Amino acid sequence: MTVRPAGLRVAWLIGGVAAVAVALVAGIAAGPITLPPGAVAAELLNLLPGVRLESGLNEREVAIITELRLPRVVLGLLVGALLAMAGAAYQGVFRNPLADPHLLGVAAGAGLGVTAVIAFRGGTGDVTANLPMGVPLAAFVGAVTAVALTWLLGAAGGRARTPATLILSGVAVSAFLAAGQTFLMQRHTESLREVYAWLLGRLATAGWHDVLVVLPYAMVTGLIVLVHRRELDVLTVGDEEATSLGLHPQRSRYLLVVAASLGTAAAVSVSGLIGFVGIIVPHTLRLLAGPSYRSILPLSVLYGGAFLALTDLVARTAASPAEIPIGVVTAFFGAPFFAVVLRRTRT
């Protein structure tokens, strides 16, 4: 009885690492110029210190890997990991399996912040160009404001916060923030094309600059959330029991919400609004790997990154040479999944 769960956890961890490796190689190999997966794997290993393998690729093909495709896939892994980890953290904090950065209004708040930056910059150039702090900071302020409004509105009138009230509050907050976003877009029509391209979600313009922008925020978010993942298990038993075990429930909630909002804001600032990752990945892991957040959160990082990187692969290749916005692809998978989860959840 004590050996089997440990074996399952190790198996899921190995599976997550394998999923990331497959997503990395497949994402780099596929494209207008198809590259052999074995050669791609060899070139990736060559990036490690002291490793030198013969891949058979010429200099042009190596440049395609290292300068074009690798940063895009790495960015997809980071963004997917952040969105899935944030979704799992929100679900634990709010004790709600439907909690998600988009459904709680967090993504809408971050979107309003980034839209304001784009609008007041005049909609010229890359949204993150020369603004390593400005865009993520604006997204973070909007995200934290949105989740605070959702949390307060969910208990308005003295009623208890239930999954239904939180989701409805998130919808209301999202609608309000979307109205503000529409107003900004109407007042700054020169930014419309850039804002719409960003709203649909994209990794197409990703370069190493975007990876470097999001990496510090990802590290901070990951450190805070993963270090406090045991506290999420304690919070599930209720505040009184958690306090008796020496935990400060409200302090833990605030810290985890701020960290998850920071991660969501960083992801949104470089990739746009990509929905449903925070529901699909953590909820699937909860059903298959168990309900403990000590397992769900680390696995969400691995499987969330792999999921979004593979989704981006579908977005790039399904209608080639055209490219489908990645937010459309995640919504295609996520909307039916959300409907199933909603039906199974008792509110």
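Only a predicted model underlies this, so the values are computations on that prediction, with no experimental measurement involved.

Each value, and the rule that gives it
Residues numbered from 1 in each chain as written. Predicted model: local features only at pLDDT ≥ 70, side-chain atom pairs only at ≥ 80, totals over all residues. Heavy atoms only, no water. Salt bridge = Lys/Arg side-chain N within 4 Å of Asp/Glu carboxyl O. Helix = DSSP H or I, 4+ residues; strand = E, 2+ residues; numbered from the N terminus. Buried < 20%, exposed > 50% of the residue type's maximum accessible area, 1.4 Å probe, protein only. Axes fitted to C-alpha atoms, helices over the stretch in contact; angles between N-to-C directions. Parallel < 35°, antiparallel > 145°, perpendicular 65-115°, else oblique. Left-handed = near helix turned anticlockwise from the far one by under 90°. Contact = heavy atoms within 4.5 Å. 1 Å grid on protein atoms, 1.4 Å probe; cavity = no way out; pocket = protein on both sides within 12 Å on 5 of 7 lines; lining within 4 Å. Points joined across faces, edges and corners; volume = space filled by probe spheres on them. Nonpolar A, V, L, I, M, F, W, Y, C, P; charged D, E, K, R; others polar. Expected span 1.5 Å × (residues − 1). Bend = angle between axes of the 7 residues up to and from the residue.

Draft legend 1. Representation of the pattern of salt bridges in the model. Applying the stated criterion across every chain yields a total of 4 salt bridges. When the shortest N-O distance is used, the salt bridge between Asp 312 and Arg 72 registers 2.7 Å. Pair noted here: Asp 312 is in helix 13 (residues 293–317) and Arg 72 is in helix 3 (residues 59–94), with a separation of 240 residues, a long-range link. Taken as a pair, Asp 312 and Arg 72 share a single burial class, namely buried. Where Glu 323 meets Arg 72, a salt bridge forms, and the shortest distance between an N and an O atom there is 2.6 Å.

Draft legend 2. Geometry of the environment of Leu 98. With respect to the element layout, Leu 98 can be found in the loop between helix 3 and helix 4 (106–120). Each C-alpha atom of the pair Leu 98 and Ile 280 lies 9.8 Å from the other, and the pair is 182 residues apart in sequence.

Draft legend 3. Quick peek at the packing of helix 3 against helix 11 (residues 249–271). Two elements in contact, helix 3 and helix 11, have axes whose closest approach is 9 Å; the angle formed by their N-to-C orientations is 150°. Relative to helix 11, helix 3 is oriented roughly antiparallel. Here helix 3 runs over helix 11; the crossing is left-handed. Between helix 3 and helix 11, the residues in contact are Leu 75, Val 79, Leu 82, Leu 83, Ala 86, Ala 89, Tyr 90, Val 93 and Phe 94 and Arg 253, Leu 256, Val 257, Ala 260, Ser 261, Gly 263, Thr 264, Ala 266, Ala 267, Val 270 and Ser 271, respectively.

Draft legend 4. Representation of empty space enclosed by the protein. A complete count under the given rule lists 1 cavity of 30 Å³ or more for this structure. Taken as a whole, the largest cavity encloses approximately 30 Å³ of empty space. Lining the largest cavity are Gly 27, Arg 72, Val 73, Gly 76, Ala 309, Asp 312, Leu 313 and Arg 316. Elements with a minimum of two residues in the lining of the largest cavity: helix 3 and helix 13. Looking at the lining of the largest cavity, the element that brings in the most residues is helix 13, giving 4 residues. Among the residues forming the lining of the largest cavity, the class breakdown is 3 nonpolar, 2 polar and 3 charged.

Draft legend 5. Broad picture of the environment of Val 328. By the element assignment, Val 328 lies in helix 14 (residues 326–344). Here Val 328 falls in the partly exposed class, since its relative accessible area comes to 41%. Distance from Val 328 to Ile 274, taken between C-alpha atoms, is 8.1 Å for residues 54 residues apart in sequence.

Draft legend 6. Looking closely at helix 8 (residues 208–227). Helix length check: helix 8 (20 residues) gives 28 Å between terminal C-alpha atoms against 28 Å at 1.5 Å per residue, within 8%. Of all the bends in helix 8, the greatest, near 30°, is centred on Leu 215, and the proline Pro 216 appears no more than four residues after it. Considered for burial, the residues of helix 8 that qualify are Asp 210, Val 211, Val 213, Val 214, Tyr 217, Ala 218, Thr 221, Gly 222 and Val 225.

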